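Each chain, letter by letter, is given below.
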Amino acid sequence: MYLFVVLGLFILHNVAAIIVPVEQGLLEGEQKWTITGNTLYNSFKGIPYAAPPIGELRFKAPQPALYWEGIRNATEHGNVCPQVDQLNNEFIPGSEDCLFLNVYTPNLKLNNYLLSVIVFIHGGGYMYGSGNDDNYGCDHLVDQNVVVVTMNYRLDVPGFLCLDTKEVPGNAGMKDQVAALKWVQTNIENFGGDPSQVTIMGQSAGAVACTLHALSPMSKGLFKRVIAMSGVPSSEFSVEFESKRRAMVLSKSLGFETSNATALLEFLQNVLVNKLIATNSSVIAIEQYINLMMKVYFVPVVEKDFGQERFLIEPPDVSLKNGRIHDVDILLGYVSAEGLVGLFLFETPPTIDNYERFREALVPRNIIYQSTPKITVELGDLIKDHYSESEPLSLKTMPQFVNYASDMYIYNIIRHARHLSNSVIRNIYLYQFSCMSERNILSQEGNKYGITGVSHSDDLMYVFNGNRYNLPINKNATSYRMIQNTCTLLTNFAKSGNPTPDSSLGVDWPKYTAESETYMDIGEELIINTKPRDSMMYFWKSIYERADLPF
């Protein structure tokens, strides 16, 4: 009798097993219900999309994924990359063997009908994060009948070290993302996804990455649409400066000083990875002592040509100006109070006092790197006076400082939309996200200063079910309607290139053009407006003109 029970359980297990073939072997996933209970979907986690970038492969472009024998368990996430979570100041050792992705699909080739695919690239300033469901549970998107892919990519020094050599030209983390997108093209049909209907979507540094993929020759043909949430190539946290010098500063801080690139590489490939994470690699004093936006040291770079396949061949603004951008649809936008995300840093003494004393720290990073001290001091005074007038910057003027910090995100995004509208791109949509509810975890920090608005990253609470937050779902709540509206807009765009292809949401979202400057405010209601942050844009245009730089 016992043997019959065991045999029955074995047969039942095999009937229920979800087996999918990929290029490297067989995967066994599992079925789950979304948190809403609306959709039964298939989950496949921890899928290696490239070889482990360890040993001599550290800092280098990813190599093809290794094959495996038998059936690989795909019910647990793979390793996260080594990192320090900046929001929680927590070191997460992870592993350098971290190039894994996750696939969630409500359809395994049901009736041979393939679904649109959203590939999400996480943010975290190129320093922290992963594609795991502690932050990026697929539930709300899968409920809209799309296939969702999330990924890990190398971070910080392992992902973005640049030695200006053929071996380490930079952008290893970006090339990881390219490898993941190529894996999707090869394998996603086996999960019921349409490789010709891929949308890449990212937030913060992930959004910058998406907009860079739209310019990169390596990424051409790997996706059809882009959704960029709170990030573009000119964003403050994504400006490169003296990359090779930065690598030498890093090495010197670790006790090894050399100008020989070969010796430098050999040394850094043998350093314990935890010593390469969250380092102080400032090249100029203002990076180290004052400007918070400059604490992101290792970022995507324009690669020198050593005969290798290059991710970026020229500065993004040059590519846009010369029309060297892929013919893709783009939806981009920002949240209403981006700067709230840094509130805990602004409160830390003597941060705001330093900005008051050294006002040049208020100047955008790309202007600081290109201008003289005399110009940056003049501009710093203008910026300070614009935001706090005669009041000194202090905890008492926190609302004004957060407004400044928010605008530093937002003007670059609106400016990028303007540049896109003057390029070959004709299908552009711009939004402001202003949903407020119990889901706005970071935004609530502004209450003690009387600051209202949506913090950077709180829009993610309406797109993903982050398990770490344990946010309940009440289908009768306003927040649930905002989740539905937001995810419907995003997935409509992924499916058709139009976020409002019919009248079901009760609004028609027009395309953004330089003439109309139309955008949608995504809040409790969906409202169409024009001329986003017009006076703010006028002010920042004047700052660039004073610096004699194009806006």
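About the criteria used
- Residues numbered from 1 in each chain as written.
- Predicted model: local features only at pLDDT ≥ 70, side-chain atom pairs only at ≥ 80, totals over all residues.
- Heavy atoms only, no water.
- UniProt positions renumbered as here; feature names shortened; annotations may be inferred.
- 1 Å grid on protein atoms, 1.4 Å probe; cavity = no way out; pocket = protein on both sides within 12 Å on 5 of 7 lines; lining within 4 Å.
- Points joined across faces, edges and corners; volume = space filled by probe spheres on them.
- Helix = DSSP H or I, 4+ residues; strand = E, 2+ residues; numbered from the N terminus.
- Nonpolar A, V, L, I, M, F, W, Y, C, P; charged D, E, K, R; others polar.
- Salt bridge = Lys/Arg side-chain N within 4 Å of Asp/Glu carboxyl O.
- Buried < 20%, exposed > 50% of the residue type's maximum accessible area, 1.4 Å probe, protein only.
- Patch = residues over 30% accessible without salt bridge, like charges linked within 9 Å, V, L, I, M, F, W, Y side chains within 5 Å.
- Areas by Shrake-Rupley, 256 points an atom, 1.4 Å probe, with all protein chains shown as cover.
- Pairing = 2+ DSSP bridges.
- Phe/Tyr/Trp six-rings, centres within 6.5 Å; stacked < 30°, edge-to-face > 60°.
- Lys NZ or Arg CZ within 6 Å of the ring centre and 35° of its normal.
- Core = buried A, V, L, I, M, F, W, Y, C linked by side-chain atoms within 4.5 Å.
- Contact = heavy atoms within 4.5 Å.

The name an unreviewed UniProt entry gives the chain is Carboxylic ester hydrolase, with Pararge aegeria aegeria as the organism. Looking at the chain in UniProt, the text filed under Sequence similarities (unreviewed entry) is "Belongs to the type-B carboxylesterase/lipase family."

Asks: Help me understand empty space enclosed by the protein in this model?
Replies: Empty space left among the atoms is revealed by rolling a probe the size of a water molecule over them. All chains considered together, the criterion is met by 5 cavities of 30 Å³ or more. Reported here for the largest cavity is a volume of approximately 80 Å³. Lining the largest cavity we find Met229, Leu331, Tyr431, Phe433, Asp459, Thr486, Leu489, Leu490, Trp509 and Ile522. Looking at the lining of the largest cavity, the elements that each hand over two or more residues are strand E13 (428-433) and helix H15 (478-496). Looking at which element gives the most residues to the lining of the largest cavity, the answer is H15, with 3 residues. Class assignment for the residues of the lining of the largest cavity results in 8 nonpolar, 1 polar and 1 charged. Roughly 60 Å³ of volume is contained in the second largest cavity. Forming the walls of the second largest cavity are Phe160, Cys162, Phe241, Ser243, Arg246, Tyr297, Phe298, Val299 and Val301.

Asks: Help me out: how do you make sense of the pattern of salt bridges in this one?
Replies: Where side chains of opposite charge bring their charged atoms close, a pairing between them can arise. One pass over the full model with this rule turns up 22 salt bridges. Among the ionic pairs, Asp85 bridges to Arg468, the shortest N-O distance being 3.9 Å. Highlighted residues: Asp85 in strand E5 (residues 83-85) and Arg468 in the loop between E13 and H15, separated in sequence by 383 residues. A residue is classified by how much of its surface remains accessible, and Asp85, at 5% relative accessible area, is buried. Of the charged contacts in the structure, one is a salt bridge between Asp164 and Lys304, with a shortest N-O distance of 3.5 Å. With Asp164 in the loop between helix H3 (156-160) and helix H4 (172-187) and Lys304 in the loop between helix H8 (285-289) and helix H9 (316-321), this residue pair connects regions lying 140 residues apart in the sequence. Classification of Lys304 as partly exposed rests on a relative accessible area of 46%.

Asks: Teacher, can you tell me more about a nonpolar patch on the surface here?
Replies: Together, Ile19, Leu26 and Ile71 give the surface a local cluster of nonpolar side chains, amounting to about 230 Å² of exposed area. Along the chain, the position of Ile71 falls in strand E4 (residues 71-73).

Asks: Quick question: what am I supposed to make of the layout of surface pockets here?
Replies: Volume-wise, the second largest pocket comes out at about 1000 Å³. In this structure, the second largest pocket is lined by 28 residues; those nearest its centre are Pro315, Pro316, Asp317, Asn366 and Gln370. Among the secondary structure elements, those contributing two or more residues to the lining of the second largest pocket are H9, helix H12 (365-370) and helix H14 (398-421). Ranked by the residues each element gives to the lining of the second largest pocket, the list is headed by H9, at 5 residues. Residues belonging to the lining of the second largest pocket are distributed by class as follows: 16 nonpolar, 7 polar and 5 charged.

Asks: I would appreciate a short explanation of the pairing of strand E12 (residues 329-335) in the present structure.
Replies: The side chains of a regular strand alternate, residue by residue, between the two faces of the sheet. Counting buried positions over the 7 residues of E12 gives 7, a clear majority of the element. Across 5 bridges, the pairing between strand E11 (residues 225-229) and E12 is parallel. Within E12, the residue paired with Ile227 across the bridge is Leu331. Looking at chain direction, E12 and E13 are connected through 6 bridges and run parallel. Bridged to Val335 within E13 is Phe433.

Asks: Would you mind showing me how to read the packing of aromatic side chains here?
Replies: What characterises a pair of aromatic rings is the spacing of the ring centres plus the angle enclosed by the ring planes. Scanning the model with the defined rule gives 24 aromatic pairs in all. With a centroid separation of 5.9 Å and an interplanar angle of 65°, the aromatic rings of Tyr411 and Tyr544 are classed as edge-to-face. You can see Tyr411 sitting in helix H14 and its partner Tyr544 sitting in helix H16 (residues 534-546), a full 133 residues away along the chain. Neither Tyr411 nor Tyr544 differs from the other in exposure class; each is buried. In this structure an aromatic cluster arises from ring pairing among Phe346, Tyr355, Tyr387, Phe401, Tyr404, Tyr411, Phe539, Trp540, Tyr544 and Phe551. In this structure, Arg72 is placed above the aromatic ring of Trp68, and the distance from its NZ or CZ to the ring centre is 5.4 Å. It is Arg415 that lies over the ring of Tyr544; its NZ or CZ is 4.7 Å from the centre.

Asks: In this structure, what is going on with the nonpolar core? I would like to understand it.
Replies: Membership of the largest hydrophobic core comes to 123 residues, with the highest contact counts inside it found for Val103, Leu161, Phe191, Leu332 and Trp540. A per-element tally of this core places H14 first, with 13 residues. Dropping the residues within four chain positions of it, Val103 is found in contact with Asn42, Ser43, Phe44, Ile47, Val147, Val148, Val149, Trp183, Ile188 and Phe191. Of all hydrophobic cores here, the second largest spans 38 residues; its members include Ile227, Cys435, Leu489 and Ala494.

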